[in-house]
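Observations on the model geometry
One-letter residues, chain by chain:
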Amino acid sequence: MHKPPLSSRLRPFTSTIFAEMTALAQRTGAVNLGQGFPDTDGPQRMIEVASEALRNGMNQYAPGPGVPELRRAVADHQRDRYGIDLDPDTQVLVTVGATEAVAASLMALVEPDDEVVLLEPYYDSYAAAVAMAGAKRRGVPLAEDPETGRFGLDVAAVRAAIGPRTRALVLNSPHNPCGAVFTREELSALAEVCREHDLMVISDEVYEHLVFTPGGHVPIATLPGMFERTVTISSAGKTFSVTGWKVGWATGPAELVAAVRAAKQFITFVGPGALQFATAHALREERPWVERLCGDLADKQRRLADGLAEVGFGVRRSEGTYFVCADIRPLGFADGLEFCRQLPELAGVAAVPVQVFTDEPERWRHLVRFAFCKRDEVLSEAVDRLAALRK
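Okay, so let's go over this structure. These numbers were taken from a predicted model, which means no experiment stands behind them. (Residues numbered from 1 in each chain as written. Predicted model: local features only at pLDDT ≥ 70, side-chain atom pairs only at ≥ 80, totals over all residues. Heavy atoms only, no water.)

1. Focus on helix H9 (residues 254–264)
The condition that has to hold: The buried label applies to any residue whose accessible area, calculated with a 1.4 Å probe on protein chains only, is under 20% of its type's maximum; exposed applies above 50%, and partly exposed to all values in between. Working definition: helices are DSSP H or I runs of at least four residues, strands are E runs of at least two. Numbering for both runs from the N terminus. Each C-beta atom gives one direction from the helix axis, and the arc is the one those directions make. Throughout, a residue-residue contact means that at least one pair of heavy atoms, one from each residue, lies within 4.5 Å.
Buried within H9 are the following residues: Leu-256, Val-257, Val-260, Ala-263 and Lys-264. For H9, the arc enclosing every buried residue in end-on projection is 120°, short of the 170-degree limit, so these residues lie on one face. At its buried positions, H9 is contacted by strand E2 (92–95), helix H4 (97–109), strand E8 (200–204), strand E9 (230–235) and strand E10 (248–251).

As structure tokens, this is what we get:
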């Protein structure tokens, strides 16, 4: 075989930084604050419902759009939480996690050589999904406020990046990896640009319930003129601490959801029905558990941020998610990727460099991301180990 077996579109995506850093952590015995998964289980009753469904015969194919109980629960959640009215039969699609929902949305809604705007830093699967759709990505950096440490939308830069082939924008709020939660004012300005240029929005909102700021999460679909052009995506993984379940959903106007379903059915067809039943239970019954989780995560974020600052990192503001970003320059380092590859040996901790989530790595080379969704004793051990870096 003379030609490379891997398509040119996917050659840049043969491995992920998460796999590299997790393997490095395992090899060195480092505390893994790189990959964003919790080390405790979700609500016990939710897990029991999944087990009961398995024992009671929910072991064959689920319905293609998802089990009706979960689609109804998602529709009720969107109505009760945000005032979004959805038909569970035509406007809700269950997916195998949010990653599949993003990929299926891009495959379904953009044409080859269309352009898709990604806000940098972006979750790594977005760039791969754009490539699989045959489209081209246009990166637009978030704005980093040096005084507050907050990351915000640079709407003027978004507007400047839009050209005649721009078809869609992928929005992620609450934002991974930066921990930003975009305000209603920021989103309203972005929505104006999307309406003006007739852009579709694929809105990844998996951290919607893990917000530490008073304003809370604002779905862009709730803003004027945006529901009809937005696919909203979320999942059970982060909300209920079951990242391995891979139960997600996409919602929006019927014609967009039908398009996403057309792509999704030939990717995974369906996901596990028993876990969908359990997720429906959790959406309806486990809101108090989620509220406690959010409070606990806010405390963990403060614990880790304070520890990083004490070591000497320049800590950035985290308004939600599992993550806090930190500037390595005060410690005498300049390159985040090099730093993260050395950190397990230097201090017995694993993190991930922010620059790998961008098309302009030089702009983000000074930042690394730490996950705080771990038990308190794990965070304390990590901070104690990082003290070895103190100058």
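Back to the text.
2. Some points on the sheet that holds strand E15 (residues 367–371)
Condition: When DSSP finds two or more bridges between a pair of strands, those strands are recorded as paired. Interaxial angles span 0 to 180 degrees and are taken between N-to-C directions of axes, which are lines fitted to C-alpha atoms, for helices over the stretch in contact.
Taken in spatial order, the 4 strands line up as E11-E12-E15-E14 in an open sheet, and their pairing is antiparallel. The sheet is open, and its two edges are formed by strand E11 (314–315) and strand E14 (352–353), each paired on a single side. When strand E12 (residues 323–327) meets E15, the two strands line up antiparallel, connected through 5 bridges. From the neighbouring strand, Cys-325 faces E15, where its bridge partner is Arg-369. With respect to the sheet, helix H11 (residues 287–311) is in contact with E11, E12 and E15, its orientation differing from that of E12 by roughly 10°.

3. Let's talk about helix H10 (residues 273–285)
Stated precisely, the cut-off is as follows: To estimate the expected span of a helix, count its residues, drop one, and scale the result by 1.5 Å.
Helix length check: H10 (13 residues) gives 18 Å between terminal C-alpha atoms against 18 Å at 1.5 Å per residue, within 8%. By the criterion of burial, H10 is predominantly enclosed, with 10 of the 13 residues buried. Along H10, the residues classified as buried are Gly-273, Ala-274, Leu-275, Gln-276, Ala-278, Thr-279, Ala-280, His-281, Ala-282 and Leu-283. Lining the buried residues of H10 we find helix H2 (44–55), helix H3 (68–82), E2, helix H8 (236–239), E10 and H11.

4. Some words on the packing of aromatic side chains
Going by this rule: Paired rings are identified among Phe, Tyr and Trp, the last through its six-membered ring, by centres lying within 6.5 Å, and are further divided according to the angle between planes into stacked (under 30 degrees), edge-to-face (over 60) and tilted (the rest). We count a charge as sitting over a ring when the NZ of a lysine or the CZ of an arginine lies within 6 Å of the ring centre and within 35 degrees of the ring normal.
This structure, assessed with the given rule, holds 12 aromatic pairs. Seen from their ring centres, Tyr-207 and Phe-323 are 6.0 Å apart, and the 75° between their planes marks the pair as edge-to-face. One end of the pair, Tyr-207, is in the loop between E8 and E9; the other, Phe-323, is in strand E12, and 116 residues separate them in sequence. Positioned above the aromatic ring of Phe-323 is the side chain of Arg-369, whose terminal nitrogen or guanidinium carbon lies 3.6 Å from the ring centre. Across from the ring centre of Phe-37, 3.7 Å away, lies the NZ or CZ of Lys-374, which sits over that ring.

5. Some points on the pairing of E10
With burial as the criterion, each face of E10 is covered, one bearing Gly-248 and Ala-250 and the other bearing Trp-249 and Thr-251. Here E2 runs beside E10; their pairing, made up of 4 bridges, is antiparallel. Residue pairing for E10: Thr-95 is matched across the bridge by Gly-248. Where E9 meets E10, 4 bridges bridge the pair, whose relative direction is antiparallel. Residue Thr-232 lies in a different strand from E10, and its bridge partner there is Thr-251.

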